[in-house]
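Here is what each chain is made of, one letter per residue.
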Amino acid sequence: MTSVSQVGVGIVGVGLMGHGIASSLLRAGHQVSFLNHSGNQPVDDLLAAGAIALNTGREVAQSAEVVILCVTGSPQVEAVLFEPDGVLAGLKPGCVVVDCSTALPSSTEKVAARVTEAGGRFMDAAMTRTPKEAAEGRLNLIVGAPKALFDETLPLLQGFAENIAHAGDVGAGHTLKLLHNFVSLGFSAVLAEATVASRKAGISDTALLEVLGAGGGGGVVLERLRPYIADNDPSGFKFSVANASKDLGYYHTMTEDLAVEGGIAEAVRNLYKSVEDQSLPIPALIGVLEQR
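Summarised in this report is the structure supplied together with it. (Residues numbered from 1 in each chain as written. Predicted model: local features only at pLDDT ≥ 70, side-chain atom pairs only at ≥ 80, totals over all residues. Heavy atoms only, no water.)

## Describing the overall build of the protein
Here is the rule we go by: Numbered from the N terminus, helices here are DSSP runs of H or I no shorter than four residues, and strands are runs of E no shorter than two. It is over C-alpha atoms that the radius of gyration is taken, and the globule rule equals 2.2 Å times the number of residues to the power 0.38. When accessible area is computed with a 1.4 Å probe and restricted to protein chains, residues below 20% of their type maximum are described as buried, those above 50% as exposed, and intermediate ones as partly exposed. Whether two residues are in contact is decided by their heavy atoms: any pair within 4.5 Å suffices. Values of accessible area rely on a 1.4 Å probe in the Shrake-Rupley scheme; residue burial ignores everything except the protein chains shown. For this count, His and the chain ends are skipped, Lys and Arg are scored as positive, and Asp and Glu as negative. Taken as the charge location is NZ of Lys, CZ of Arg, CG of Asp or CD of Glu.
Helices and strands together make up the secondary structure of the protein, namely 13 helices and 8 strands. In terms of overall size, the protein behaves like a compact globule, its C-alpha atoms giving a radius of gyration of 20 Å where 292 residues would be expected to give roughly 19 Å. With the C-alpha coordinates of the protein rotated into their principal frame, the extents come out at 65 × 45 × 30 Å. By the burial criterion, 51% of the 292 residues in the protein qualify as buried. Sequence-distant contacts in the protein: of pairs separated by 6 or more residues, those separated by 24 or more amount to 68%. Total accessible area on the protein is roughly 12,700 Å²; 55% of this is exposed by carbon and sulfur atoms. Of the side chains in the protein, 20 bear a positive and 31 a negative charge, and the two mean positions are spaced by 1 Å.

Here's what the structure looks like:
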């Protein structure tokens, strides 16, 4: 890889998170191309900043030394890589494919093998935090990669991430991301049920938030749900119930593959799956439960 200011980066998936990654990399001085897709956020600002829109994954790969995938999950990762005119068709020798999606570790290992066979290098770099931090270049990344590749790629990752953890070899990033999301979404479900019970018991939201915040309920998830509990404002946690259901489904599959206990995760997954409108943001789970 050349000096960090000269890296050509291709991005597949310029949605809520990918758009922020693209804008952060442009500010950091990188050459950025991206795949034209109906699921992208508006891209006029990226084009004005010098990004180039391309029509196939092949073209994106041909333009780049590093290709970042920021799509929904394993089926989408496999599609953009392996479809005709996909990324693998244009991959240059030594190109690094960075998968920032939330994916099944079992799929990740197969994807990594095919990228390697095609002459590229692969790392999973699962994200946490929100689109706001993505736009600010302050994401958290959980990386699965050989140590040498992690060290080589770190300056580029620092262009859009603030906290970067090397979890282990390929697949470790996606594994730890699923563990993280189970804990985060599980705590969100616990808080949602507790909030509804508190209200029905006649406890004020102010008292609930004060006691939880000063005790065992304090933390990042409470602060993301706090605006909804206090003011019915869901903007603190811009993550859909559909994505929660998907990630918890992946976690369920992973626990089966690992042959470990997953009873609590199954209950949490069933709660999210029971929400009729899967497009709702996570905080709105509280309102859904109040109507039951």
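## So, the environment of L91
Positionally, L91 belongs in the loop between α4 (74-82) and β5 (96-99). Using a relative accessible area of 11% as the deciding quantity, one classes L91 as buried. L91 sits 30 residues away from R121 along the chain, and the two C-alpha atoms are 9.9 Å apart. Sequence-distant contacts of L91, defined by excluding residues within four places in its chain, comprise A61, V97, V115, A118 and G120.

## Observations regarding the pairing of strand β2 (residues 31-35)
How we decide: Strand pairing is assigned whenever DSSP identifies at least 2 bridges connecting the two strands.
Of all 5 residues in β2, 4 are buried, a share of seventy percent or more. Where strand β1 (residues 8-12) and β2 come together, 4 bridges link them in parallel fashion. When the sheet's bridge partners are listed, I11 is paired in β2 with F34. Looking at chain direction, β2 and strand β3 (residues 52-54) are connected through 3 bridges and run parallel. Directly across from F34, in β3, lies its bridge partner A53.

## Some words on unusual backbone geometry
In the Ramachandran plot, R129 falls in the positive-phi region, its phi being about 85° despite a non-glycine side chain. Taking the relative accessible area as the measure of exposure, R129 reaches 27% and is therefore partly exposed.

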